[in-house]
Amino acid sequence: MAYCSSIDEGITFDYGYDGYIDELREKEMPHLNNETYLDYTGSGLYTQAQIDAFYSLLQSNLYCNAHSRAPCSIRTEKEVNEARDLILSFFNTSSSEYSVVFTSGATQGLKMIGEYFPWTEESAFVYTTHNHNSVLGMRKYAKRAGGIFKAFEQSELEEILSEYQDSVQINTEEVDPFGGDFGGFSGFSGNTWTWGDKGENPAHLFAFPAECNFSGIKYPLDWINEIKRGDMGAALNAKLAQYDGIDRSDGEWFVALDAAAFVPTNRLDLSLTPADFVVMSFYKMFGFPTGLGALLVRHDVAERLQKPYFGGGSVSIVGCREDFCQEKPRPSDRLEDGTVGFLNIIALKEGFKLINETLGGIENIEQHVSAVTQYAFERLSSLKHENGNNVVEIYGNHEKQWINGEYGVQGGILSLSVHRPDGSFVGYYTVQEKSAQHRIHLRTGMVCNPGACYSLLGLDETLVCEMAAEKESCGDDIDMVNGMPLGSVRVSFGFASTKNDVDRLVEFIRQEFMEESS
């Protein structure tokens, strides 16, 4: 499928799937119905073709619980396993490296990592400040085991790594983290542990998002390789020792990647950046089914997880009076308790068909979303009050969206605040209420990412914590403190976003908040 370039003023990316976007919206998305949907990071949208194909499957096939050898069970098991392979193929890996553990969504996947990770009192949990609440919540498990947690800004992590690399004699012999023994079960010379061992050394975890759900800032996936090579782990060990004096040089560092905001519009290639754990939610990718996500876990790392509970489907045989349990050998079977949502899982193939076939691949979606995002950034940035002051303040790295012919460090999110002519802020809740009157669907508040909110808006975290008793949620009507917003207006784009959606948003802001000369 050929794609035209720059079909609209201000757009420097390939927009519209070679003109197919209008047909897609008209024929496949009647449920949009003159609505302006700008919350794709909250939830993707489904197409009519997905729903029709799925219900056709249900009408023509009998599916049932796969924990049996009945014909319908065998059919269900086959299609569930095909879905696992489809997911792994989409991320350019295979069942020889990773297991697909079905979850209710990214949050459950992160909870499982936190709950089963082999924490000890020597463990450290390090994460970026710009992280979803579901990542922050994992620190409870580290603390319960007696370990520590520490949050760093991206700039701090880059400085920590750079200082470490400058302070040691770098081994110039290149270690291939994707070949040789790595990825199997025998060993890896680029780090301090032997893969495949049950693990005698303390385990540490580093967690970060591929893309920030608050701002759309993309984070360096090569951090994963820095952990694999040993540099990042050693650098973090040295930094943490400055806080508590503990020598963690004999520890093992693992990486958890929150890919939920990233994979709907970007390529994630796990053959290049083999994170130990990856979480995602499928409804964010293609709208349907909801309540289904996945935790991708490397087989060798799965052997280190400590799962105290077993449920139906995860064991082969169990003693009743005796404390005996034989777990199933496949990691996904051991980690999935009970019956998986097999009908939802079977529906996944229609979502991946939308991405891979109808839209021509995730790279085309990335081009299209980048085009819409750039167009929105340019239009919103140009809005001025009569006195020349900006109407909108946008947070993120939009100036670096396209660098040297390659995608930069900004995804399809515009996190913004609206200003009055005197420069004061309009509360995000006011924007939310007024946008609803214009049938515009967007998200406001901290959007479950307090660290990014505090950092980008310049908020005093201590002051915000003191207000905790007054707030019911991160998007409620208590939206200001000392004249500063407690959150932003988040506009996020997806595969079906259009230039017309942006124009409606701009016109709404112009009508409701912009002071113009008469």
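Okay, so let's go over this structure. Everything numeric in this text was worked out from a predicted model, so none of it was measured.

Some thoughts on the overall build of the chain
So, point 1. Counting secondary structure elements, the chain contains 18 helices and 20 strands.
So, point 2. Out of the 518 residues in the chain, the part that is buried amounts to 53%.
So, point 3. Once local pairs closer than 6 in sequence are excluded, the contacts in the chain between residues at least 24 apart make up 72%.
So, point 4. Total accessible area on the chain stands at roughly 22,300 Å², and carbon and sulfur atoms take up 46% of it.

Some words on the pairing of strand β14 (residues 413-419)
So, point 1. For β14, the tally of buried residues reaches seven of seven residues, placing the bulk of the element in the interior.
So, point 2. Neither face of β14 is open: one carries I413, S415, S417 and H419, the other L414, L416 and V418, and all of them are buried.
So, point 3. Of the pairings in the sheet, the one linking strand β11 (residues 392-395) to β14 comprises four bridges and is antiparallel in character. Bridging from a neighbouring strand, E393 pairs with S417 of β14.
So, point 4. Sheet topology note: the β14/strand β20 (residues 488-492) ladder contains four bridges and is antiparallel.

Here we look at the state of the cysteines
Note: disulfide means a covalent bond formed between the sulfur atoms of two cysteine side chains.
So, point 1. Summed over the entire model, instances satisfying the criterion amount to one disulfide.
So, point 2. Disulfide partner of C64: C72, at an S-S distance of 2.1 Å. The disulfide joining C64 to C72 has a torsion of about 90° about its S-S bond and is therefore right-handed.
So, point 3. Judged by relative accessible area, C64 falls into the buried class, the value being 17%.

Side note on unusual backbone geometry
So, point 1. The peptide bond linking F288 to P289 adopts the cis configuration, its omega dihedral lying at 5°.
So, point 2. With respect to the helices and strands, P289 occurs in the loop between α10 (283-286) and β8 (293-298).
So, point 3. Despite not being glycine, R439 has its phi angle at roughly 60°, a positive value.

Overview of the nonpolar core
So, point 1. Of all hydrophobic cores here, the largest spans 115 residues; its most connected members are F102, L268, F282, L296 and L380.
So, point 2. No other element matches helix α14 (residues 362-381), which puts nine residues into this core.
So, point 3. Dropping the residues within four chain positions of it, F282 is found in contact with I87, F102, G287, P289, L292, G293, A294, L348 and F352.

Observations regarding the side chain of T444
So, point 1. Mapped onto the secondary structure, T444 falls in strand β17 (residues 443-445).
So, point 2. The class of T444 is buried, set by a relative accessible area of 4%.
So, point 3. Side chain to side chain, T444 and Q432 meet in a polar contact 2.9 Å long.

Describing the pattern of salt bridges
So, point 1. Summed over the entire model, instances satisfying the criterion amount to 27 salt bridges.
So, point 2. Where R229 meets E226, a salt bridge forms, and the shortest distance between an N and an O atom there is 3.4 Å. A residue pair is termed a helical-turn pair when its members lie 3 or 4 positions apart in one helix, as R229 and E226 do in helix α8 (residues 222-229) at three residues.
So, point 3. Across the pair D276 and K228 runs a salt bridge whose closest N-O atoms are separated by 2.6 Å. One end of the pair, D276, is in the loop between β6 (252-258) and β7 (277-281); the other, K228, is in helix α8, and 48 residues separate them in sequence.

Conventions we followed
- Residues numbered from 1 in each chain as written.
- Predicted model: local features only at pLDDT ≥ 70, side-chain atom pairs only at ≥ 80, totals over all residues.
- Heavy atoms only, no water.
- Helix = DSSP H or I, 4+ residues; strand = E, 2+ residues; numbered from the N terminus.
- Buried < 20%, exposed > 50% of the residue type's maximum accessible area, 1.4 Å probe, protein only.
- Contact = heavy atoms within 4.5 Å.
- Areas by Shrake-Rupley, 256 points an atom, 1.4 Å probe, with all protein chains shown as cover.
- Pairing = 2+ DSSP bridges.
- Disulfide = S-S within 2.5 Å.
- Core = buried A, V, L, I, M, F, W, Y, C linked by side-chain atoms within 4.5 Å.
- Polar contact = N/O pair within 3.5 Å; in protein donor to acceptor, adjacent residues only side chain to side chain.
- Salt bridge = Lys/Arg side-chain N within 4 Å of Asp/Glu carboxyl O.

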